[in-house]
Amino acid sequence: MYAFVLPGLLYFLIYKYVPLIGAVIAFKDYSVFRGFQNSPWVGWKHFERIFDNPEVIQVLINTLVLSFLQIAFAFPAPILLAVMLNEVRWEWLKRSLQSIVYLPHFLSWVVVVGLFTIFLRSEGLINNMFGLWFGLDSIPFLQMPSLFKPLLVLEVIWKETGWSTIIFLAALAGVNPELYEAAVADGAGRLRRIWHITLPAIRSTVVILLILRLGTVLDNGFEQVFLMLNPYVMDVGNVLDTYVYYKGIEQSNFSFATAVGLFKSVVGLILVVGANQLAKKFGGEGIY
Amino acid sequence: MLYRSVTDRCFDAVNILLLLVTAVLMFFPFLYIFSVSFSSMRDFLENEFLLWPKEWVTDAYRYILGNNRFIRSIWVSAVVTVGGTFLNLLFTVTMAYGLSRPFFGQRPLIFMVLFTFLFHAGIIPTYLIVKETGLIDTLWALIIPVLISPWNLIVMRQFFRNIPEELTEAATVDGANPFKIFSSVILPLSKPALATFGLFYAVSHWNSYFTGLLYMNNPSKWPVQVLLRQIVIVNDNTALLEQQGYVQAPPAETIQMAAILLATVPILIIYPFLQKHFAKGVMLGSVKG
Amino acid sequence: MMRQPLSILRFFVLICAIAVLFAGCTAGSGTQEPSKTTDPSSPSQTGQSSEGKMHDISFMSYAYVRFPEPESPGVEAIRQKFKANVQSQYILASDFNTKLSVVMASGAMPDVVHIMSADANYIKWAREGAFLPLDDYIDQYETFKLVPDAVWDQFRVDGKIYSIPMYSPTYVQSITIRQDWLDRLGLKVPTNYEELLQAAIAFTHDDPDGNGKDDTYGFAMAEKNSPEFSGGAYWSSAWYHKDAEGNYIPGMIGPGRREVVETLAKAYAEGAVTKDFAVLNWAQANQEFYSGKAGIFIGIPNGMEEGYYMGLLEINPEAVVTSIPYFVAPDGSQGSLLNQGYFGLTTLSSALADDPEKVEKILTMLDYSRTFIPPEERTPDNEHYDWLMGGVGVGYDMVDGRPVVREGAESIAPVGYMFAREEWRPWAPSNEANQYSQMVYKDPKMQAFIAKIEAMEKEYNKTPYADPSRGVYSETWAQQGLELTNYLNGEITKMISGHRPVSEWDQMVQEWKDRGGADYIKEINEGIRAKQ
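In this text, all values refer to a predicted model and were calculated from it rather than measured experimentally. (Residues numbered from 1 in each chain as written. Chains lettered and ligands numbered in written order. Predicted model: local features only at pLDDT ≥ 70, side-chain atom pairs only at ≥ 80, totals over all residues. Heavy atoms only, no water.)

1. Observations regarding the packing of aromatic side chains
Our working rule: Ring pairs are drawn from Phe, Tyr and Trp, using the six-membered ring of Trp, whenever the two centres fall within 6.5 Å, and their geometry is named by plane angle: stacked under 30 degrees, edge-to-face over 60, tilted for the rest. Helix and strand assignments follow DSSP, with helices taken as H or I runs no shorter than four residues and strands as E runs no shorter than two, numbered in order from the N terminus.
This structure, assessed with the given rule, holds 74 aromatic pairs over all chains. The interplanar angle of 70° and the centroid separation of 5.0 Å between the aromatic rings of Tyr288(A) and Phe111(B) together place this pair among those described as edge-to-face. Of this pair, Tyr288(A) sits in the segment after α15 (254–281) while Phe111(B) sits in helix α5 (residues 106–118), placing the two residues on different chains. Ring plane angle 65° and centroid distance 5.1 Å describe the contact between Phe155(C) and Tyr342(C), whose orientation is recorded as edge-to-face. Of this pair, Phe155(C) sits in the loop between α6 (149–152) and β4 (163–167) while Tyr342(C) sits in strand β9 (residues 342–348); the two residues are 187 residues apart in sequence, bridging distant segments of the chain.

Next up, the structure:
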């Protein structure tokens, strides 16, 4: 077994672990010109900078709420879609549908946000339709704070659900068809078959994916949020990534960027370790 | 012959209806992109949302394809995607299999991998390692630093763990060594997984732009997404203000849409070839008694 | 079952081998690592007997659309003419700062580096000794002498000059309006914000395009309250006004800006401003105007997109866009803010202090490319011009008596490798000398439109205002500038769209000051006084 593991291990050591030594710049005032050695040590200064503004509490709340909304809705969506696709009995139809639902994944956020804006802006398509069919006044969807987070989740669902079904479909491909036949012989209907055979087959995969997802809980996808942010929704929409952006991270402040990254990673680590323990307690397999 | 009850048929009908609605919702923005890419500037300005070109204009495509830089970048991306994906799978599959069976030191090792999933060093230290190992400005810089994705490794390992012990035990009883077990038992059963992760790696190579930007100094070695970014992002207020170009104005929206389609299409083409590996019944008949 | 994987295996190994070959072959012809220290005795590359040594000069810059290749006829031409082996690297402007940082972090600062702006990083690096001070060289080169003090002052660090600026005209955006709509409604070209507001409201309610539909309105706007619609320096973001204690204050919190915001807020209430402007990007704002929906926008002689304007004319052949003359301010002044006057800085690595010959060569080449050639003389007869642009028929063509750069010429023409921009940007003696309308745009109608803006600038912008805060470094701004601007923009957006009353202006300014704006004002004023 060691032979199998060795090449990969070498890769991890060289290209992942050695660079991690460089993460020390989070504790220095790193200057690209001075380099690692000669940049002065500043201890926790950059970490403190994250928290120096009372606004950061709201920002962290926004970040966590958005993340949990994503996990609650955008995480299960591909499972549902995968099960639905799995139940299609005509192979050609199944393949065509699959190909189509994968498409949005390939668009960049610039394009996706642009598309949603075309639909939802005050003179956009949806409002034009409402005006034409129902005579309603135009609704400024994009200006409403209460809709902001749900809209972000909806966008992610639209963009990523199709693509995310792949992993579940691959897991479902490994299910023994004899199990289904036996269940039908026992008189089980469609839904019961899904509940007792299909879902348990992907259970371990779902658990692993969920644990991994928790590791990135403080990540919300900077590009998407940044493109969608506007003054009206700033209070509910400013998340950690955009908050630190406005603190000048763009000005190549690598020390600060690394400090924020470390902070996020530590929080992620705590959640992953916790979730892993929980998974094992419930009789499953954790990651380690 | 399976008995199809009425409820079964109802289920089918509803299921397919919902799936069709979903598919339509996910597809028709592409019609928009397609239409804009074949439209004139005037048609684009006049119509908020084109679903079909009013007048077919191929200027955008001629602008992009006429520039041999675009073709070159497609070639770069293709080479990196094919070669890179093969190496990705080679390294990931072996390590994932290695970590899927218990042995001394396995738990710390998998935790190590998990750790790299959570903790990243940042672009400067990574760049320095890439430089020190002599990869800058070679295509290897787009392959080796991303040889194994921790996420892919962890999930693939899970697939291997899900292969029943009875199968590997049966092979061991027959006197096979780990390599033989790997090639004749594990691999054939993992076709869906291999196809899946192969696709993930391939798409990740095809879509990557930041590594290309950072590690490639020579524009002739830029992968396609770097070029695409150059075309699409130019619509910046600052950029427009200071342009003093003597030639064509920076690319218009029509060109951006064409660029998006052109960069996406190649990867969409390989997908159907991989689909057959997702077929059911792979485990059929493998466990006897 | 076993055969299939094996043939796939063979196939992949083959592809891998090809990849290796490809990588190996092209790696050789790629750019060499830029070297930080230079060897004064670098051997001659051309093998000719050379008077003067061949210098290897590494050079890193950014570009937006056109990216000169590292090896090309242009580079060869420079080897011949200047005995300089230029190793260039052009990077996407949007990611340039990141790439520059990693290159410098890896200890390989090129000989010549372009910096996008004199920001906090520039000042930090200058102080850390990354750049060669250039004060002694300024008087030795013609085009450097032409740069006015007002420009040098904007990026001096501790009184020293560390870079040569690249030319940009001092034009700023001015307001444009649909003349045909004004005519149809019997309105005059607005001369103040009151009249501008009236025009905007009329455009919204009175069907100025006469098509019987309610599909037009006034101001086209985008996110971040752009464009500013400033009718002159008085209403711009310049440090023009003073507070009660006699301190300069930034234009964005001044009475001028307030008037503009009040105007826009009133307009918005009448539906005369793009409804969802806060979520639209710049391209979409352009679309609003050039599709014939909005009637008021902005223009500038350099940097307009011809495609938009021509698109408008196709949709609406009788459309006439006019440039609105700068308004006369309450204090009697008329004219715009003076724009920076430069865009991008050329710096030399401090490691070159040991190699004065190389420094001279670099500066000579830079000077050569910055020399202004009047538009009439940009012909094949002018050797200087012809060489820089790569030769007529090769790098450019003469069309209707004007030079037109050929597609792909950025790698053929030497000009992209002369340590200035990827295109020819000579240091012009005045804005008008550039004749942008004629030299940049192709279609005669577009040229005429731009010429109108140029004429307006000439007539009504005789005394542009030089912002005294330029070149003054503020620590608060370096740390919090982005935050402060974001906050202010956010509040102003709310005021324009009616979510917050404009009467709370003073309150908003106080909020801004409390967040750090007060320190910012203090530091800038200290810097201004120090310069006097």
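2. Considering the interface of chain C and chain A
For clarity, the threshold we go by: Contact between two residues is taken to exist if any of their heavy atoms lie within 4.5 Å; hydrogens are not considered. Two parts placed together each lose some accessible area; with a 1.4 Å probe, that loss summed over both constitutes the buried area. Whenever a carboxyl oxygen of Asp or Glu lies within 4 Å of a side-chain nitrogen of Lys or Arg, that contact is scored as a salt bridge. In protein, a polar contact requires one atom able to donate a hydrogen and another able to accept it; more generally it is a pair of N or O atoms within 3.5 Å, and residues adjacent in sequence count only if both atoms are side-chain atoms.
In this assembly, 34 residues from chain C lie in contact with 26 residues from chain A. Interface area lost by chain C to chain A is led by Glu128(C), Asp276(C) and Leu482(C), which between them contribute 21%. The interface formed by chain C and chain A includes 4 salt bridges. Our enumeration of links across chain C and chain A arrives at 8 residue pairs in polar contact (both at pLDDT 80 or more). Contributing elements (two or more residues each) for the side of chain C that touches chain A: α3 (96–105), α4 (120–127), α10 (282–290) and α16 (475–496) of chain C.

3. Points about the sheet that holds strand β6 (residues 217–219) of chain C
All names here are of chain C. As a reminder, the rule being used: Being paired, for any two strands, means DSSP has found at least two bridges between them. All axes are obtained by fitting lines to C-alpha atoms, using only the stretch in contact for helices, and the reported angles, taken between N-to-C directions, cover 0 to 180 degrees.
Taken together, the 4 strands give an open sheet; going across it, the order is β6-β7-β5-β8, and neighbouring strands pair in mixed fashion. In the strand order of this sheet, the two ends are held by β6 and β8 (321–323), each with one partner. The sheet shows a mean angle of 30° between the axes of neighbouring strands, direction not considered. In the sheet, β6 pairs with strand β7 (residues 294–299) via 2 bridges, with the strands oriented parallel. Note on β7: the bridge partner recorded for phenylalanine 219 is isoleucine 296. Contacts between α10 and the sheet are confined to β5 (174–178), β6, β7 and β8, with β7 contributing the most and set at about 125° to the helix. Along the sheet, helix α15 (residues 444–460) contacts β5, β7 and β8; its crossing angle with β8, the most-contacted strand, is approximately 20°.

4. With respect to the interface of chain A and chain B
Note the threshold: Side-chain classes are defined by residue name, with Ala, Val, Leu, Ile, Met, Phe, Trp, Tyr, Cys and Pro counting as nonpolar, Asp, Glu, Lys and Arg as charged, and the others, Gly among them, as polar.
Residue-level contacts link 88 residues of chain A with 93 residues of chain B. Between chain A and chain B, the buried area comes to about 8,500 Å², and carbon and sulfur atoms account for 76% of it. Of all residues in chain A, the largest losses of buried area upon contact with chain B belong to Met1(A), Phe4(A) and Tyr15(A), amounting jointly to 9% of the total for that side. Applying the counting rule to chain A against chain B returns 5 salt bridges. Where chain A meets chain B, there are 15 residue pairs in polar contact (both at pLDDT 80 or more). Looking at the side of chain A that touches chain B, the element that brings in the most residues is helix α1 (residues 2–20) of chain A, giving 17 residues. Grouping the constituent residues of the side of chain A that touches chain B by class yields 61 nonpolar, 16 polar and 11 charged.

5. Things to note about the pattern of salt bridges
Summed over all chains, the structure comprises 45 salt bridges over all chains. One salt bridge in this structure joins Arg229(B) and Asp95(C), with 2.8 Å as the shortest N-O distance. Pair noted here: Arg229(B) is in helix α12 (residues 224–232) and Asp95(C) is in the loop between β2 (84–92) and α3, and the two residues belong to different chains. The salt bridge involving Asp158(C) is made with Arg127(C); its shortest N-O contact spans 3.2 Å. Note that Asp158(C) is positioned in the loop between α6 and β4 and Arg127(C) in helix α4, a separation of 31 residues in sequence. Residues joined in a network through salt bridges with shared partners are Glu87(A), Arg89(A), Arg190(A), Arg193(A), Asp8(B) and Asp12(B).

6. Comments concerning empty space enclosed by the protein
Quick reminder of the rule: A 1.4 Å probe that fits into a set of points on a 1 Å grid over the protein atoms alone but cannot get out defines a cavity; an open set with protein on both sides within 12 Å along at least five of seven lines defines a pocket, and lining residues are those with an atom within 4 Å of a point. Grid points are joined across faces, edges and corners, and a volume is the space filled by probe spheres set on the points.
Taken as a whole and judged by the stated rule, the model has 9 cavities of 30 Å³ or more. Of the pockets and cavities examined, the second largest cavity occupies roughly 90 Å³. Of the residues belonging to the lining of the second largest cavity, the class tally is 7 nonpolar, 1 polar and 4 charged.

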